[in-house]
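Each chain, written out:
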Amino acid sequence: MGVTKLGLGAKIAVFIGNYEGAYPRGLRKGMIEAARKHHVQVIFYAGKSINHPDETQQNSIYRLINIERIDGIIIASGAISDFCSRADLIAFAESFQGFPLVSLNVQLKNITSIIVDNREGMGELMDHLILQHGYRRIAFIKGTDDSQEAIERFEAYQNALIRHGIEWCPEWILPGDFQFVSGAEAVKTLLDQRGLTDIEAIIGGNDASAYGALQELEKRGIRVPEDMALAGFDDADETEFNSTPLTTVSQNIFTQGYQAVEVLIEKIAGKKMPHVVKVPSSLVIRESCGCPPGAGLSILMDRAERTFSLPQDNGLQSMLTMNMLKEVPENLQKIFNVLKDGLQEDIGNENKAHCFIDALEQILPNKPDTLREIQTIQGMVWLISRWLTHQYPQGIPNFLIILLQKAQMRIGTALRRQEALKRIDTNDILNCIRRFNSKMNNAFADLNGLMDYLCSELPALGISTCLIAMYKHFIQGDSGGLWEFPKDARLIMAYRNGFALDVPDDFSFDTSLLIPDTLWPENSIPLLLMPLVSRDKHFGIMMVDAGQSHSMLYDILREQISNSIYTLELYRELQEQSLRDDLTGIYNRRGFFVQGESYSQRAFNEEQSFYVIFGDLDDLKQINDQYGHREGDVALRVTAALLRQIFHEEDVIARLGGDEFAVLTRASSRQTPEMIKKKVDEAFSRNSPSSIEKPYKLAISIGVVPYLPRTSQSLESLLIEADRKQYEEKKRRKRKKTRANMNG
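Here goes a summary of the coordinates provided. (Residues numbered from 1 in each chain as written. Predicted model: local features only at pLDDT ≥ 70, side-chain atom pairs only at ≥ 80, totals over all residues. Heavy atoms only, no water.)

### A few points about the side chain of aspartate 651
Here's step 1: Here aspartate 651 lies in the loop between α19 (629-646) and β20 (652-657).
Here's step 2: Arginine 666 provides the closest opposite charge to the buried, salt-bridge-free aspartate 651, at an N-O distance of 6.5 Å.
Here's step 3: Among the polar contacts listed, one links the side chain of aspartate 651 to the backbone nitrogen of histidine 648, at a separation of 2.9 Å.
Here's step 4: A distance of 2.9 Å separates polar atoms of two side chains, one belonging to aspartate 651 and the other to threonine 665.
Here's step 5: Apart from the residues lying within four places of it in its own chain, the contact partners of aspartate 651 are Tyr599, Leu664, Thr665 and Arg666. (Helix = DSSP H or I, 4+ residues; strand = E, 2+ residues; numbered from the N terminus. Buried < 20%, exposed > 50% of the residue type's maximum accessible area, 1.4 Å probe, protein only. Lys, Arg positive; Asp, Glu negative; His and termini not counted. Salt bridge = Lys/Arg side-chain N within 4 Å of Asp/Glu carboxyl O. Polar contact = N/O pair within 3.5 Å; in protein donor to acceptor, adjacent residues only side chain to side chain. Contact = heavy atoms within 4.5 Å.)

### A few points about the sheet that holds β20
The strands that make up a sheet are held in pairs by hydrogen bonds between backbone atoms, and each pair lies either parallel or antiparallel.
Here's step 1: Taking strand neighbours across the sheet as the criterion, the four strands line up as β20-β21-β19-β22 in an open arrangement whose pairing is antiparallel. Of all the strands in the sheet, the pair left with one neighbour each is β20 and β22 (700-707). Strand after strand, the sheet turns through a mean of 20° between neighbouring axes, direction not considered.
Here's step 2: As paired strands, β20 and strand β21 (residues 660-666) are joined by five bridges and run antiparallel to one another. Bridging across to β21, alanine 654 finds its partner in alanine 662.
Here's step 3: Relative to β21, helix α17 (residues 589-606) is tilted by about 20°, and along the sheet it contacts β19 (610-617), β20, β21 and β22. (Pairing = 2+ DSSP bridges. Axes fitted to C-alpha atoms, helices over the stretch in contact; angles between N-to-C directions.)

### Digging into the nonpolar core
Here's step 1: Grouped together as the largest cluster of nonpolar side chains are 67 residues, with contacts concentrated most on Phe44, Ile74 and Ile468.
Here's step 2: Among the elements that take part in this core, helix α8 (residues 253-268) stands out by supplying eight residues, more than any other. (Core = buried A, V, L, I, M, F, W, Y, C linked by side-chain atoms within 4.5 Å.)

### A look at the sheet that holds strand β7 (residues 173-174)
Here's step 1: Strand order in the open sheet formed by four strands is β7-β6-β8-β9, and the pairing between neighbours is parallel. The sheet terminates laterally at β7 and β9 (229-231), the two strands that pair on one side only.
Here's step 2: Where strand β6 (residues 138-141) and strand β8 (residues 201-204) come together, four bridges link them in parallel fashion. By the bridge assignment for β8, isoleucine 138 is matched with alanine 201.
Here's step 3: Seen against the sheet, helix α7 (residues 207-219) touches β6, β8 and β9 and runs at an angle of roughly 155° to β9.

### Some thoughts on the packing of aromatic side chains
Here's step 1: Tallied over the full model, the rule gives 18 aromatic pairs.
Here's step 2: When the centroid spacing of 6.5 Å and the interplanar angle of 65° are considered together, the rings of phenylalanine 539 and tyrosine 566 count as edge-to-face. Of this pair, phenylalanine 539 sits in strand β18 (residues 537-545) while tyrosine 566 sits in helix α16 (residues 552-578), placing them 27 residues apart in sequence. Grouping residues by exposure puts phenylalanine 539 and tyrosine 566 together as buried.
Here's step 3: Three or more aromatic residues joined by ring pairs form one cluster here, namely Phe15, Tyr45, Tyr62, Phe92 and Phe96.
Here's step 4: A cation over an aromatic ring shows up here: lysine 142 above the ring of phenylalanine 154, its NZ or CZ 4.8 Å from the ring centre.
Here's step 5: Over the ring of tyrosine 599 we find arginine 666; its NZ or CZ atom is 5.9 Å from the centre of that ring. (Phe/Tyr/Trp six-rings, centres within 6.5 Å; stacked < 30°, edge-to-face > 60°. Lys NZ or Arg CZ within 6 Å of the ring centre and 35° of its normal.)

### A look at the pairing of β8
Here's step 1: Going residue by residue along β8, you find Ala201 and Ile203 tucked away on one face and Ile202 and Gly204 tucked away on the opposite face as well.
Here's step 2: By the bridge criterion, three bridges tie β8 to β9 in an arrangement that is parallel. Bridge pairing links isoleucine 203 to alanine 231 in β9.
Here's step 3: Between the parallel pair β8 and β9, the chain is carried across by α7, and the sense of this crossover is right-handed. (Right-handed = clockwise from strand over helix to strand, strands pointing away.)

### What about empty space enclosed by the protein?
Here's step 1: As enumerated under the stated definition, the model contains two cavities of 30 Å³ or more in all.
Here's step 2: If you go around the second largest cavity, the residues you meet are Ile613, Phe614, Gly615, Leu643, Phe661, Ala662, Val663, Ile700 and Ile702.
Here's step 3: For the lining of the second largest cavity, the secondary-structure elements that each account for two or more residues are β19, β21 and β22.
Here's step 4: Its residues placed into classes, the lining of the second largest cavity shows eight nonpolar, one polar and no charged. (1 Å grid on protein atoms, 1.4 Å probe; cavity = no way out; pocket = protein on both sides within 12 Å on 5 of 7 lines; lining within 4 Å. Points joined across faces, edges and corners; volume = space filled by probe spheres on them. Nonpolar A, V, L, I, M, F, W, Y, C, P; charged D, E, K, R; others polar.)

### Re a positive patch on the surface
Here's step 1: Where like charges cluster on the molecular surface, the positive patch consists of Lys697, Lys731, Arg735, Lys736 and Arg739.
Here's step 2: Here lysine 736 shows up in helix α21 (residues 715-743). (Patch = residues over 30% accessible without salt bridge, like charges linked within 9 Å, V, L, I, M, F, W, Y side chains within 5 Å. Areas by Shrake-Rupley, 256 points an atom, 1.4 Å probe, with all protein chains shown as cover. Charge placed at Lys NZ, Arg CZ, Asp CG, Glu CD.)

### Concerning the packing of α19 against helix α20 (residues 673-687)
Here's step 1: Two numbers describe how α19 lies on α20: the axes approach to 10 Å, and their chain directions differ by 130°. Judged by the inter-axis angle, α19 sits oblique to α20. Between α19 and α20 lies a crossing of right-handed hand. Packed against α19, whose contacting residues are Val638, Thr639, Leu642, Gln645 and Ile646, the element α20 presents Lys679, Val680, Ala683, Phe684 and Asn687 at the interface.
Here's step 2: Of the residues contributing to the contact of α19 with α20, the split by class is six nonpolar, three polar and one charged. (Parallel < 35°, antiparallel > 145°, perpendicular 65-115°, else oblique. Left-handed = near helix turned anticlockwise from the far one by under 90°.)

### Some details on unusual backbone geometry
Here's step 1: Residue proline 225 follows valine 224 across a cis peptide bond; omega there is 10°.
Here's step 2: In this fold, proline 225 is placed in the loop between α7 and β9.
Here's step 3: At histidine 39, a residue that is not glycine, the phi angle is positive and equals roughly 60°.
Here's step 4: Considering the arrangement of structural elements, one finds histidine 39 in the loop between α1 (22-38) and β2 (41-45).
Here's step 5: Here lysine 48, not a glycine, exhibits a phi torsion of approximately 65°, which is positive.
Here's step 6: Looking at where lysine 48 falls in the secondary structure, it is placed in the loop between β2 and β3 (72-75).

### Here's the deal with the environment of valine 224
Here's step 1: Mapped onto the fold, valine 224 is located in the loop between α7 and β9.
Here's step 2: Overall, valine 224 belongs to the buried group, its relative accessible area being 9%.
Here's step 3: Between the C-alpha atoms of valine 224 and glutamate 287, which are 63 residues apart in sequence, the distance is 8.6 Å.
Here's step 4: Beyond its immediate stretch of four places on either side in the chain, valine 224 contacts Leu214, Leu217, Leu230, Thr244 and Ser288.

### Quick word on the pairing of β2
Here's step 1: Buried residues dominate β2, accounting for five of its five residues.
Here's step 2: Covered by surrounding structure in β2 are Gln41, Ile43 and Tyr45 together with Val42 and Phe44, the residues of both alternating faces.
Here's step 3: Regarding the hand of the β-α-β motif, the stretch spanning strand β1 (residues 11-15), α1 and β2 is right-handed.
Here's step 4: Here β2 runs beside strand β17 (residues 527-534); their pairing, made up of three bridges, is parallel. In the strand pairing of β17, tyrosine 45 is matched with leucine 529.

### So, the pattern of salt bridges
Here's step 1: Tallied over the entire structure, the rule returns 34 salt bridges.
Here's step 2: The closest approach of N and O atoms between lysine 188 and glutamate 185, which form a salt bridge, is 3.3 Å. Here lysine 188 pairs with glutamate 185, and both are found in helix α6 (residues 180-193), just three residues apart, close to one helical turn.
Here's step 3: By relative accessible area, glutamate 185 is classed as partly exposed at 38%.
Here's step 4: Between glutamate 266 and lysine 271 there is a salt bridge, and its shortest N-O distance comes to 3.8 Å.
Here's step 5: One network of salt bridges, in which partners are shared, links Asp616, Asp618, Asp681, Glu729, Lys730, Arg732 and Arg733.

Shape is all these values report; function is a separate question.
This is the structure we're talking about:
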């Protein structure tokens, strides 16, 4: 496919749902491969399934899309729509119509859709079970009712039964949701509730539900395939490595991801694309259906030999692309030529035949997570051996047989090395996660301590880039998906290319940009974006490089960070509550001195003056005596509200106890002690309870004392002095009131 070349820096968002699992892993591999080829960057938005009853809060991440940051969107519709109606999915997709869009696995109106032919693959699987094995009582574990994939697979199952003249029974149909647990529950329903012990085979609507069924069958001592056959749909990475390798249908997940990126690149470039791009599905035969080991490969090889004439090289190429092996790398022909050239050198030099083995050593990978590549090479060697049988109909020469045996030994060693590397890598990661979880479960004193610890553990977790931003204020979750994000976010951690970067205390940026421009990871790095959510509170986002092979690690990391932030926030709220007066909501005496120390220290450092104000509510005792303590509480709440109106948000306002109040406020030429007194008196006169039909007048006597920079006066001593001045003011008011009464 000749794909338009985009400028460097083009970015593609992928709404992938769950990040972990075989299906998203296959998609990611294909997308990352295509993105690297075309020099674009993919950002995976892991926001879980739309309307999932337990994960709806994480859907919020899909709304953090900025047309200035993102050039196009791939919606993995099949992966994110298991719990939403088709109408909801369409509405969701249409809300992004300002972007070039591609839908994966669900055909959507007016959006280019990449669709797997579910019906073809399921039909082929049913034909195999019925015609090759003679099964007629075949149970089916469905997916969710709203999933287009689930509907198509189930309909293909029904049509195959009808096509083969089998009258199907409704009790063979088992509810499911494409999850592992639903497969196990389906077996319990089938055997315990319905008593259908004569079922010959079970088909999982996907591999995950088939895995669940396999585990439950094994628990009960039911052998697969001897007692009951089993099959799935997806051909996830693990299918051939279970206790019984799973017969399944490959939906060419890698190809889906790869094509989605290429199609979107064309749309971004303004090219008109077909409304539907179909990816074929195909049967992958293993042992769980009852076939012997290697039967699937034999069938494919026989099919290939009927379609091409060995020993032509293009025949080998044709066979390898018939889905015998998945995720074939782009340099397949180059790898084959290296092996072929080495073999031809050896054929012409029988006495020193080593070039073929040298070539094999050259191309065999020895790094982790390269199992598919090794299997591809194994398939090539196997096919080369078949090619040699055509070349030497009287028998392959001994020296070539020895070469092939050495090759298989080398490949066997490489496969065992892969297994060992994976085991070691998994154990290392699990140990890191245990240590990480243990530490994260302990309370950190503050957010900085949490971020410092996180930075120290990222190298051991295999993460080279991690950026965390928090919203300026937390947002509450909305199950309806109407997310209102704060305009600004604050970067609280930056870890790039293995190094922690210094982040200023108030590094703010536009929330919709996700990460500040200056810190955006280079274009070659695929990224993962996850919401920091705990319970119904949304704190911010985490962006990491998407290169870690243990995909479950990311969700563990996200959850632990979110829960730790939630704990810190809860602790902060409890601390804040301990500093607040329950009746009025302003600071209490303890809060005044805690906040006052910070306030006075800041003023000292900045050489700023401020005023300490002590206030005493006039005649509170009379209000309590005449109108009751409930009315006295009203007077105290009104006083606190008036003080909040008069002074600034950054000022410290407190009720010290009883009828006593205190305020710390900045001094300025426009705010002298006399001006403060006048402002307070006028505000109380305008808003006194008497002005709202209360039978008393509310007033407060205050004393104002200035704090001068670079003095040694304590806050306590200033408050005592302000109290003394307040007392003088109260006596002055009483004298004035007495004279007024006498004159009256």
